[in-house]
Amino acid sequence: MAICSPLGGWISDLLTKHYGRRTGRCGIAVVCIGLSALFIALGTMVADARLASIVLAAGAGALYLSQSSFWSVTADIAGHSAGTVSGVMNMIGQFGGVVAPSLTPLLAAQFGWSTAFLVAAGLAWWDLWPGCL
(Lines give C-alpha, C1' and ligand atoms only; values in the text may rest on other atoms or scores of the structure.)
Protein backbone atom coordinates (compact mmCIF):
# COMPACT_ATOMS: atom_id res chain seq x y z
CA MET A 1 0.00 0.00 0.00
CA ALA A 2 2.90 2.35 0.76
CA ILE A 3 4.24 1.77 -2.75
CA CYS A 4 0.93 1.69 -4.60
CA SER A 5 -0.50 4.95 -3.24
CA PRO A 6 2.16 7.29 -4.68
CA LEU A 7 2.49 5.07 -7.76
CA GLY A 8 -1.23 5.50 -8.39
CA GLY A 9 -0.84 9.26 -8.13
CA TRP A 10 1.97 9.23 -10.65
CA ILE A 11 -0.04 7.04 -13.05
CA SER A 12 -3.10 9.25 -12.60
CA ASP A 13 -1.10 12.39 -13.40
CA LEU A 14 0.49 10.72 -16.42
CA LEU A 15 -2.87 9.54 -17.79
CA THR A 16 -4.43 12.95 -17.11
CA LYS A 17 -1.64 14.69 -19.01
CA HIS A 18 -2.00 12.42 -22.05
CA TYR A 19 -5.71 11.52 -22.11
CA GLY A 20 -7.53 14.13 -20.00
CA ARG A 21 -9.05 14.31 -16.54
CA ARG A 22 -11.83 11.79 -17.10
CA THR A 23 -9.40 9.00 -17.99
CA GLY A 24 -6.63 10.04 -15.65
CA ARG A 25 -8.73 10.55 -12.56
CA CYS A 26 -11.68 8.20 -13.02
CA GLY A 27 -10.22 5.53 -15.27
CA ILE A 28 -7.49 4.43 -12.89
CA ALA A 29 -9.93 4.39 -9.98
CA VAL A 30 -12.43 2.20 -11.83
CA VAL A 31 -9.78 -0.26 -13.03
CA CYS A 32 -8.02 -0.49 -9.66
CA ILE A 33 -11.17 -0.89 -7.58
CA GLY A 34 -12.25 -3.60 -10.01
CA LEU A 35 -8.89 -5.31 -9.51
CA SER A 36 -9.28 -4.97 -5.77
CA ALA A 37 -12.69 -6.66 -5.90
CA LEU A 38 -11.24 -9.42 -8.08
CA PHE A 39 -8.30 -10.06 -5.72
CA ILE A 40 -10.61 -10.16 -2.68
CA ALA A 41 -12.89 -12.66 -4.41
CA LEU A 42 -9.90 -14.75 -5.52
CA GLY A 43 -8.58 -14.68 -1.94
CA THR A 44 -11.62 -16.69 -0.86
CA MET A 45 -10.72 -19.49 -3.28
CA VAL A 46 -7.11 -19.97 -2.20
CA ALA A 47 -6.56 -22.91 0.16
CA ASP A 48 -3.06 -21.94 1.35
CA ALA A 49 -3.05 -19.21 4.05
CA ARG A 50 0.23 -17.69 2.84
CA LEU A 51 -0.96 -17.43 -0.74
CA ALA A 52 -4.29 -16.03 0.46
CA SER A 53 -2.39 -13.34 2.37
CA ILE A 54 -0.49 -12.39 -0.78
CA VAL A 55 -3.66 -12.29 -2.89
CA LEU A 56 -5.49 -10.17 -0.29
CA ALA A 57 -2.47 -7.86 0.00
CA ALA A 58 -2.58 -7.45 -3.78
CA GLY A 59 -6.22 -6.42 -3.38
CA ALA A 60 -5.24 -3.78 -0.82
CA GLY A 61 -2.45 -2.60 -3.10
CA ALA A 62 -4.85 -2.28 -6.04
CA LEU A 63 -7.21 -0.28 -3.85
CA TYR A 64 -4.41 2.09 -2.88
CA LEU A 65 -3.47 2.62 -6.52
CA SER A 66 -6.83 4.40 -6.78
CA GLN A 67 -6.58 6.49 -3.59
CA SER A 68 -4.86 9.52 -5.08
CA SER A 69 -7.57 9.74 -7.74
CA PHE A 70 -10.19 10.46 -5.09
CA TRP A 71 -8.19 13.36 -3.69
CA SER A 72 -7.32 14.64 -7.15
CA VAL A 73 -10.95 14.68 -8.22
CA THR A 74 -11.94 16.74 -5.19
CA ALA A 75 -9.17 19.24 -5.99
CA ASP A 76 -10.21 19.30 -9.66
CA ILE A 77 -13.92 19.91 -9.09
CA ALA A 78 -13.98 21.85 -5.81
CA GLY A 79 -11.45 24.58 -6.57
CA HIS A 80 -11.14 26.90 -3.57
CA SER A 81 -13.37 24.59 -1.49
CA ALA A 82 -11.16 21.52 -2.06
CA GLY A 83 -10.37 21.24 1.66
CA THR A 84 -14.04 21.18 2.64
CA VAL A 85 -15.02 18.76 -0.12
CA SER A 86 -12.06 16.49 0.73
CA GLY A 87 -13.05 16.52 4.39
CA VAL A 88 -16.65 15.58 3.61
CA MET A 89 -15.50 12.85 1.21
CA ASN A 90 -13.16 11.43 3.82
CA MET A 91 -15.81 11.58 6.56
CA ILE A 92 -18.37 9.73 4.44
CA GLY A 93 -15.74 7.18 3.42
CA GLN A 94 -14.96 6.52 7.08
CA PHE A 95 -18.50 5.25 7.68
CA GLY A 96 -17.43 2.04 5.94
CA GLY A 97 -14.37 1.97 8.21
CA VAL A 98 -16.67 2.11 11.23
CA VAL A 99 -19.09 -0.57 10.01
CA ALA A 100 -16.70 -3.10 8.41
CA PRO A 101 -14.77 -4.19 11.54
CA SER A 102 -18.04 -5.15 13.24
CA LEU A 103 -19.92 -6.46 10.23
CA THR A 104 -17.15 -8.68 8.85
CA PRO A 105 -16.83 -11.03 11.87
CA LEU A 106 -20.62 -11.15 12.23
CA LEU A 107 -20.97 -12.27 8.62
CA ALA A 108 -18.11 -14.73 9.09
CA ALA A 109 -19.68 -16.24 12.21
CA GLN A 110 -23.05 -16.61 10.51
CA PHE A 111 -22.03 -17.57 6.96
CA GLY A 112 -18.26 -18.23 6.93
CA TRP A 113 -15.22 -16.16 6.07
CA SER A 114 -15.60 -16.69 2.33
CA THR A 115 -18.98 -15.01 2.43
CA ALA A 116 -17.61 -12.11 4.49
CA PHE A 117 -14.86 -11.52 1.92
CA LEU A 118 -17.26 -11.95 -1.00
CA VAL A 119 -19.51 -9.27 0.51
CA ALA A 120 -16.46 -6.96 0.65
CA ALA A 121 -15.67 -7.78 -2.99
CA GLY A 122 -19.29 -7.17 -3.94
CA LEU A 123 -19.29 -3.79 -2.20
CA ALA A 124 -16.11 -2.85 -4.06
CA TRP A 125 -17.68 -3.95 -7.33
CA TRP A 126 -20.84 -2.00 -6.52
CA ASP A 127 -18.64 1.05 -5.86
CA LEU A 128 -17.46 0.87 -9.48
CA TRP A 129 -20.73 1.85 -11.08
CA PRO A 130 -20.71 5.58 -10.21
CA GLY A 131 -17.19 5.80 -11.69
CA CYS A 132 -18.34 4.16 -14.91
CA LEU A 133 -21.05 6.75 -15.57
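Refer to the structure above for everything that follows.
Residues numbered from 1 in each chain as written. Predicted model: local features only at pLDDT ≥ 70, side-chain atom pairs only at ≥ 80, totals over all residues. Heavy atoms only, no water.

(A) Up close: a nonpolar patch on the surface. Taken together, the side chains of V31, L35, L38, L42 and M45 present a nonpolar region at the surface, about 460 Å² in accessible area. In this structure, L38 sits in helix α2 (residues 21–43). (Patch = residues over 30% accessible without salt bridge, like charges linked within 9 Å, V, L, I, M, F, W, Y side chains within 5 Å. Areas by Shrake-Rupley, 256 points an atom, 1.4 Å probe, with all protein chains shown as cover. Salt bridge = Lys/Arg side-chain N within 4 Å of Asp/Glu carboxyl O. Helix = DSSP H or I, 4+ residues; strand = E, 2+ residues; numbered from the N terminus.)

(B) Representation of the state of the cysteines within the structure. Tallied over the full model, the rule gives zero disulfides. This cysteine, C4, is not joined by any disulfide, and C32 carries the nearest cysteine sulfur, 8.3 Å off. (Disulfide = S-S within 2.5 Å.)

(C) Inspection of the side chain of S86 at higher detail. Tracing the chain through its elements places S86 in helix α4 (residues 82–111). Residue classification places S86 among the buried positions, given a relative accessible area of 13%. Within the local environment of S86, its side chain forms a polar contact with the backbone oxygen of A82, the two atoms lying 2.8 Å apart. With residues up to four places along the chain from it excluded, the contact list for S86 reads W71 and T74. (Buried < 20%, exposed > 50% of the residue type's maximum accessible area, 1.4 Å probe, protein only. Polar contact = N/O pair within 3.5 Å; in protein donor to acceptor, adjacent residues only side chain to side chain. Contact = heavy atoms within 4.5 Å.)

(D) Structural detail: the packing of helix α1 (residues 4–19) against α2. In contact at an axis separation of 6 Å, α1 and α2 are set at 150 degrees when each is read in the N-to-C sense. Between α1 and α2, the interaxial angle falls into the category roughly antiparallel. Seen along the crossing, α1 lies across α2 with a hand that is right-handed. Each of G8, I11, S12, D13, L15, T16 and Y19 in α1 lies in contact with α2, whose residues at this interface are R21, T23, G24, R25 and I28. For the contact of α1 with α2, the class distribution of residues is four nonpolar, five polar and three charged. (Axes fitted to C-alpha atoms, helices over the stretch in contact; angles between N-to-C directions. Parallel < 35°, antiparallel > 145°, perpendicular 65-115°, else oblique. Left-handed = near helix turned anticlockwise from the far one by under 90°. Nonpolar A, V, L, I, M, F, W, Y, C, P; charged D, E, K, R; others polar.)

(E) Summary view of the packing of helix α3 (residues 49–78) against α4. Two elements in contact, α3 and α4, have axes separated by 8 Å at closest approach and are oriented at 140 degrees. Relative to α4, α3 is oriented oblique. Crossing geometry of α3 relative to α4 is assigned as right-handed. Between α3, through F70, W71, T74, A75 and A78, and α4, the contact on the second element is made entirely by A82, V85, S86, M89 and N90. Its residues assigned to classes, the contact of α3 with α4 shows seven nonpolar, three polar and no charged.

(F) Seen up close, the side chain of T16. Among the structural elements, T16 can be located in helix α1. Within the structure, T16 has its side chain in polar contact with the side chain of R25 (distance 3.3 Å). Not counting the four nearest positions on each side in its chain, T16 is found in contact with R21, G24 and R25.

(G) Looking closely at the pattern of salt bridges. All told, the structure shown has three salt bridges when counted by the stated rule. Put simply, D76 and R25 hold a salt bridge, and the shortest N to O gap is 2.9 Å. In this pair, D76 sits in helix α3 while R25 sits in helix α2, placing the two residues 51 residues apart along the sequence. Judged by its relative accessible area of 24%, D76 falls in the partly exposed class. A single salt-bridge network, built from bridges that share partners, covers D13, R21, R25 and D76.

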